[in-house]
Amino acid sequence: AASMVSSKFIKLFIIIYFLIILCKRFCTRIRLIFIVKGEGLMFKSGDKPGAGRYKCLTCGDIIYLFKNSDILPFCPECKATVWVKFSQTLS
């Protein structure tokens with residue numbers, strides 16, 4: 001009976017794990033839709049988008065570029081490559 005219970009917990013854990021992964025990917029796609037509709041300007045690591053504040057689309061970390069010649073890095077928190085530039089206020 002104990003092995004049957006642990007087997008059920010393992011299956012439940014695997015299902016929950018995959019649901020979390022699917023939710024993260026779906027939420028990222030929803031954020032991309034809002035950005036494309038004018039919420040901000042989207043850039044990738046390696047771009048030189050100019051001075052300003054940038055928010056990582058994956059984890060939400062915020063970085064600042066101070067010179068127009070600065071290169072947008074990989075996210076220092078999660079190593080993602082997609083950023084949103086904010087003109088005035090952060091959301």
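Residues numbered from 1 in each chain as written. Predicted model: local features only at pLDDT ≥ 70, side-chain atom pairs only at ≥ 80, totals over all residues. Heavy atoms only, no water.

Draft legend 1. Just the overall build of the chain, in detail. Helix and strand counts for the chain come out as one helix and four strands. Residues counted as buried form 21% of the 91 residues belonging to the chain. Long-range contacts, defined as pairs at least 24 residues apart, comprise 48% of the intrachain contacts of the chain with a sequence gap of at least 6. Of the roughly 7000 Å² that the chain leaves accessible, carbon and sulfur atoms contribute 66%. (Helix = DSSP H or I, 4+ residues; strand = E, 2+ residues; numbered from the N terminus. Buried < 20%, exposed > 50% of the residue type's maximum accessible area, 1.4 Å probe, protein only. Contact = heavy atoms within 4.5 Å. Areas by Shrake-Rupley, 256 points an atom, 1.4 Å probe, with all protein chains shown as cover.)

Draft legend 2. Geometry of the nonpolar core. Ranked by size, the top nonpolar core spans nine residues in total: Phe43, Tyr54, Cys56, Ile63, Leu65, Leu72, Cys75, Ala80 and Trp83. Within the residue set of this core, elements represented by two or more residues are strand S2 (52–56) and strand S3 (62–65). Not counting residues within four places of it along the chain, the set of residues in contact with Leu65 comprises Pro49, Gly50, Ala51, Gly52, Tyr54, Asp70, Ile71, Leu72 and Pro73. (Core = buried A, V, L, I, M, F, W, Y, C linked by side-chain atoms within 4.5 Å.)

Draft legend 3. Geometry of the environment of Lys79. Structurally, Lys79 is set in the loop between S3 and strand S4 (82–86). In sequence terms Lys79 and Thr58 are 21 residues apart; their C-alpha atoms lie 9.1 Å from each other.

Draft legend 4. The pairing of S3, seen in detail. Of the two faces of S3, only one is covered, namely that formed by Ile63 and Leu65; the face formed by Ile62 and Tyr64 stays uncovered. With four bridges joining them, S2 and S3 adopt antiparallel strand pairing. Within S3, the residue paired with Gly52 across the bridge is Leu65. The hairpin turn running from S2 into S3, its antiparallel successor, is five residues long, and Gly60 in that turn takes a positive phi close to 90 degrees. (Pairing = 2+ DSSP bridges.)

Draft legend 5. Seen up close, the sheet that holds S4. Taken together, the four strands give an open sheet; going across it, the order is S1-S4-S2-S3, and neighbouring strands pair in antiparallel fashion. The outermost strands of the open sheet, each flanked by one partner alone, are strand S1 (41–44) and S3. Taken over all neighbouring pairs, the strand axes of this sheet differ in orientation by 35 degrees on average, direction set aside. Bridge count between S2 and S4: four bridges; the pairing is antiparallel. Across the sheet, Tyr54 pairs through a bridge with Lys85, a residue of S4. (Axes fitted to C-alpha atoms, helices over the stretch in contact; angles between N-to-C directions.)

Draft legend 6. View of the confidence of the model for the chain. When pLDDT is averaged along the chain, the result is 77, and 68% of the positions lie at 70 or above. Looking across the chain, the model is least confident in helix H1 (residues 2–39), with a mean pLDDT of 66, and most confident in S3, with 92. (pLDDT = per-residue confidence, 0-100.)

Draft legend 7. Focus on the environment of Gly50. With respect to the helices and strands, the residue Gly50 is situated in the loop between S1 and S2. Among the residues examined, Gly50 registers a relative accessible area of 7% and is labelled buried. Considered as a pair, Gly50 and Asp70 are 20 residues apart in the sequence and their alpha carbons are 6.9 Å apart. Those residues in contact with Gly50 that lie beyond four places of it in its chain are Leu65, Lys67, Asn68 and Lys85.

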